[in-house]
Amino acid sequence: MVQSKILFYTTIFLQFWMSNATSMPQELALLQWKASLADASSLSSWSPAGNSTCCSWFGIKCDATGHVVELSLPSAGLRGQLDAFDFGAFPNLTKLNLNNNSLVGSIPYRLCELPSIAWLDLGCNYLDNPEYSRLSPMPTLEYISLSRNKLNGEFPKFIFGCTNLKFLDLSKNAFHGPIPDLLAKMTPNLLHLNLCWNKFSGTIPRSLAQLPKLRELRLRSNIFSGGFPEMLTTMNTLQVLTLGNSTFSGSIPEGIGNLTSLQVLGLANNNFTGPLPMSIGKMKHLQAFYLFNNNLNGAIPAAIGNMTALQQLFLGYNNLNGTIPPEIGNMTALQQLDLRNNQLEGELPATISVLRNLNYLALGTNRFTGTIPLALGRGQPLNLIGLANNSLYGELPQGLCRSFALEVLALNNNNLSGTLPSCIRNCSHLQSLRLGQNHLSGNISQVLGVHSNLTVLDVSENQFSGTLSPTFCSYTSLLILDLSNNNLSGELPSCWWNMQNLQFMDLSINAFIGKLPTARSRISSLKFLNLANNYFHGEFPSVIQKCKNLTILNLGQNRYDSIIASWLGVTNPRLRILQLRSNMFHGNIPRKLSQLAYLQLLDLADNKLTGSIPTEFADLTSMRQQNTEQLVILVEYSTQYPYFGRVDINWKGHYETFQRTVSLVTGIDLSSNFLTGEIPRGLSNLQGLKFLNVSRNRLSGSIPKGIGDLKFLESLDISWNQLAGTIPSSISNLMYLSSLNLSSNQLSGMIPKGNQLQTLDDSSIYANNSGLCGFPLSIACPGDSSSVPAFEQKGYHKDLEELWLCYWVIAGFIFGILLWFGVLVFLKPWRMAIFECVDKMQNVVIKKMRPVWEEPPPQLSTKKRTV
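About the criteria used
- Residues numbered from 1 in each chain as written.
- Predicted model: local features only at pLDDT ≥ 70, side-chain atom pairs only at ≥ 80, totals over all residues.
- Heavy atoms only, no water.
- Helix = DSSP H or I, 4+ residues; strand = E, 2+ residues; numbered from the N terminus.
- Buried < 20%, exposed > 50% of the residue type's maximum accessible area, 1.4 Å probe, protein only.
- Contact = heavy atoms within 4.5 Å.
- Pairing = 2+ DSSP bridges.
- Phe/Tyr/Trp six-rings, centres within 6.5 Å; stacked < 30°, edge-to-face > 60°.
- Lys NZ or Arg CZ within 6 Å of the ring centre and 35° of its normal.
- Disulfide = S-S within 2.5 Å.

Chemist: Honestly, the overall build of the protein in this entry has me stumped. Any pointers?
Modeler: Across its full length, the protein carries 6 helices and 58 strands. Relative to its 867 residues, the protein shows a buried fraction of 49%. Looking at the protein alone, contacts between residues at least 24 apart form 51% of all its contacts between residues at least 6 apart.

Following this line, the structure appears as structure tokens:
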């Protein structure tokens with residue numbers, strides 16, 4: 001009995017001693033690595049205090065004997081390297097997971113000292129290439145993830161030594177070159193292969209078809225070429241196949257229908273052409289189908305209705321035509337349908353309304369006509385409806401947002417009419433409402449309720465009426481507000497600037513009155529402000545001072561009656577477009593406007609401005625060179641779309657609206673004011689100008705001689721002033737000039753000619769300048785035949801040609817006579833020969849005439865004639 005107790009306690013002691021003996025080197029190795037890390041605050045439990053072993057530390061798992069078998073520290077905030085980690089101290093480690101940390105440096109080749117390792121995850125770090133030549137085979141590995149690191153070079157050949165590998169993820173690195181043919185032979189048990197987001201090139205090796213167990217093949221975002229790999233159509237075990245974002249071309253083979261086990265098929269962002277294969281209807285287990293942004297054409301096959309398990313169908317940005325087949329209503333599992341940016345036509349099938357799981361419907365930018373199905377939205381959890389840029393008409397379905405889950409409603413650019421569904425008022429999740437360019441009507445305040453999440457509100461170019469209630473001030477998340485081209489009226493609420501996040505505001509072409517409300521704090525977010533074509537009045541709005549990031553400001557065609565604030569050039573340094581035309585602004589043009597380094601369009605036309613044009617305008621930095629940067633109002637914190645500011649410009653004598661091309665228009669318009677003095681010579685330094693209009697003022701002096709330096713100028717109007725002197729010859733250097741008006745001045749002298757100027761043959765360009773002469777005027781300049789009008793010059797040249805022809809004929813005749821007499825007088829042999837020839841010809845003629853001359857006359861009769 002005693003012996004058995006001694007044996008028992010001895011055994012317990014030995015196990016305890018062996019356990020401690022085993023854990024000691026492991027603990028030391030872990031603590032040594034922890035000490036090397038720059039940030040290991042999550043490893044606070046890693047401490048030798050007390051009698052505890054490392055098996056109780058965070059992220060550690062041991063077996064029954066105390067050996068560490070798992071070290072799992074994903075997203076633990078670790079910063080440092082792996083060099084100090086003693087892999088040899090963990091012979092029983094089967095799993096090492098350090099995913100999503102901030103580890104740097106090379107991957108240690110001593111990983112090979114883990115003889116039992118089966119799971120290795122070093123993904124989402126900043127690790128560099130290991131010393132591949134020192135890596136020995138690791139046949140126990142079944143799972144490797146090295147994704148999202150800084151690895152590069154060709155496909156890592158150490159993978160070939162991992163013969164039991166089932167999962168391989170090398171995605172989001174910088175590997176390049178081909179996928180080796182040997183991969184399938186050396187890793188025959190692969191179930192999952194992810195090489196996405198690298199630079200692998202060439203063709204996909206046919207040997208991959210020899211992986212009988214492969215379930216997931218993810219190869220998107222590489223540089224593969226050629227057509228769809230035909231051998232993949234034989235891999236009927238595949239459940240996931242992604243080949244998107246590469247350069248594949250050609251048609252999609254009919255054999256793709258053989259992949260009956262597929263659940264995800266991604267072929268987006270390639271150059272595939274041709275129609276959708278009819279065989280896609282065989283893939284009844286497919287749940288996600290991504291084919292957007294290719295060059296597919298033809299109709300959507302009715303067989304698509306057989307894909308009853310499909311949840312996501314993305315066919316947008318192709319050239320598909322025809323109608324949406326009504327069989328789409330059979331796809332009862334469908335949640336997201338995206339067919340936008342195609343050439344689809346006809347009416348929307350009513351069967352879309354029976355898709356009870358549908359939450360995403362994007363059919364914009366097609367050729368759909370007819371009305372929206374009345375049942376759309378009833379019993380459907382729709383959170384996005386995109387039908388913009390079609391030809392839909394009629395009223396909106398009243399149940400469109402009945403689920404109140406709606407977040408995005410884009411119906412702009414159609415022919416829709418009537419009022420908005422009342423349910424929109426209660427859609428508290430609404431984020432983007434785009435209804436512009438329709439014929440919708442109703443009181444705007446009665447339609448819109450409290451939408452605290454609203455970021456985009458565009459109801460422009462409709463027939464909405466009413467005033468803006470203080471409810472609008474609750475839209476504190478609003479980024480874009482476009483109410484332009486409606487029948488809205490009244491004053492803006494005093495709380496208007498509570499919308500602190502607003503970046504784009506267009507209230508133009510309405511009937512708003514009063515003054516802009518003041519603001520207590522800075523409005524640093526606002527970039528675009530258009531209040532044109534309203535009845536705002538009073539002083540220049542002081543609230544503009546607080547809009548530090550304003551890029552476009554348009555106060556045109558209102559009733560402002562004051563001087564232009566000089567602080568604009570200081571408090572709003574980012575202004576690129578400033579339009580104040582058609583108001584009653586008076587006084588001098590502020591010289592500080594020249595401090596606007598980004599200004600590319602200055603429009604102060606049709607006011608009551610006096611004084612001279614500031615010479616400081618020669619310092620407008622952004623006008624000194626041609627502008628090629630596109631002006632886009634990038635709305636921060638929004639992924640909906642970039643917003644292109646609309647600008648109305650008096651361009652070459654008529655108004656044009658510039659939107660996407662507004663950045664290409666650089667110019668100054670100071671016309672229809674009371675400006676005096678000379679045109680500053682320094683304006684010729686603004687070589688980026690596309691147009692310059694200072695017409696209908698009281699300017700004097702002469703046209704600057706350097707006007708020809710404005711080499712990109714397309715339109716120049718300095719008419720109706722008191723300019724004198726000659727037109728500078730340099731004006732003929734304006735190679736892009738297509739609109740010119742110098743009329744109604746006191747100009748004199750010859751009109752320059754040559755180059756592009758010769759194509760401007762309208763004489764009204766120079767009318768009412770009594771001293772001008774030359775083409776295209778009918779007034780000839782002294783001593784210059786070229787001043788004759790073109791049509792007269794043509795007739796003149798024709799008469800001159802006929803006269804010269806006569807002269808040449810006469811001259812030739814006289815020359816011939818002189819030559820003849822010269823031979824007779826000076827060349828005796830020729831003279832004798834000629835005389836001899838003449839004599840012979842005379843003798844011949846006499847001989848021929850002699851019988852007639854020598855015939856005797858008739859005899860006279862002597863008999864008397866009897867009467």
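Chemist: For this particular structure, what's the right way to read the sheet that holds strand β3 (residues 79-80)?
Modeler: Strand pairing in a sheet relies on backbone hydrogen bonds, with the paired strands running either antiparallel or parallel. Pairing in this open sheet of 3 strands is parallel, and the strands run β3-β5-β7 from one edge to the other. At either margin of the open sheet sits one strand with a lone partner, and together these are β3 and β7 (126-128). Where β3 lies against strand β5 (residues 102-106), 2 bridges are found, and the strand directions are parallel. Within β5, the position partnered with Arg79 by the bridge is Ser102.

Chemist: I keep staring at the environment of Glu395 and nothing clicks. Help me out?
Modeler: Among the secondary structure elements, Glu395 is positioned in the loop between β29 (391-394) and β30 (408-410). In the structure, Glu395 is positioned 25 residues away from Leu420 in sequence and 8.2 Å away in space, judged by C-alpha atoms. Residues contacting Glu395, with those up to four places away along its chain left out, are Ser417 and Gly418.

Chemist: How do you make sense of the pairing of β29 when you look at a structure like this?
Modeler: When a strand is regular, its side chains alternate between the sheet's two faces. Side-chain alternation along β29 places Leu392 and Gly394 on a buried face and Ser391 and Tyr393 on a face that remains uncovered. Across 2 bridges, the pairing between strand β27 (residues 367-370) and β29 is parallel. Each residue of the ladder has a partner; that of Gly370, found in β29, is Leu392. Where β29 and strand β31 (residues 415-418) come together, 2 bridges link them in parallel fashion. Within β31, the position partnered with Gly394 by the bridge is Leu416.

Chemist: Help me understand the packing of aromatic side chains, please; the structure alone is not making it clear to me.
Modeler: Any pair of aromatic rings gets described here by the distance separating the centres and the angle formed by the planes. All told, the structure shown has 25 aromatic pairs when counted by the stated rule. With centroids separated by 6.3 Å and ring planes inclined at 50°, the aromatic side chains of Trp33 and Trp46 adopt a geometry described as tilted. Here Trp33, found in helix α1 (residues 2-36), pairs with Trp46, found in the loop between α1 and β1 (60-62); they are 13 residues apart in sequence, far enough to count as distant. Among the residues examined, Trp33 registers a relative accessible area of 0% and is labelled buried. Residue classification places Trp46 among the buried positions, given a relative accessible area of 2%. Ring-pair connections join several aromatic residues into one group, and the members of that group are Trp33, Trp46, Trp57, Phe85, Phe87 and Phe90. Over the ring of Tyr109 we find Arg134; its NZ or CZ atom is 4.0 Å from the centre of that ring.

Chemist: Any chance you could explain the sheet that holds strand β58 (residues 771-773) here in plain terms?
Modeler: Read across the open sheet, the 3 strands follow the order β55-β57-β58; overall the sheet is parallel. Looking at the sheet topology across the chains shown, the edges are occupied by β55 (724-725) and β58. Inspection of the sheet shows β55 paired to strand β57 (residues 746-750) by 2 bridges, in the parallel sense. Its bridge partner lying in β57, Gly725 is registered against Leu747.

Chemist: Sorry, what's going on with the pairing of strand β2 (residues 68-72) here?
Modeler: Bridge count between β1 and β2: 3 bridges; the pairing is antiparallel. Note on β2: the bridge partner recorded for Ile60 is Leu71. Taking the residues between adjacent antiparallel strands as the criterion, β1 and β2 are bridged by 5 residues, where Gly66 takes a positive phi near 90°.

Chemist: I'm lost on the state of the cysteines in this one. Help?
Modeler: Applying the stated rule across the entire model yields 4 disulfides. In this model, Cys55 is linked to Cys62 through a disulfide, with the two sulfur atoms separated by 2.1 Å. Handedness of the Cys55-Cys62 disulfide follows from its S-S torsion of about -100°: it is left-handed. One disulfide bridge connects Cys473 with Cys495, the sulfur atoms lying 1.9 Å from each other. Judged by the sign of its S-S torsion, about 80°, the cystine formed by Cys473 and Cys495 is right-handed. Placement of the pair is Cys473 in the loop between β35 (463-467) and β36 (480-482) and Cys495 in the loop between β37 (487-490) and β38 (504-506), with a sequence separation of 22 residues. An identical accessibility class is assigned to Cys473 and Cys495; each is buried. Cysteine pairing in the protein follows 1-2, 3-4, 5-6, 7-8, where each cysteine in a disulfide is numbered by its order in the sequence.

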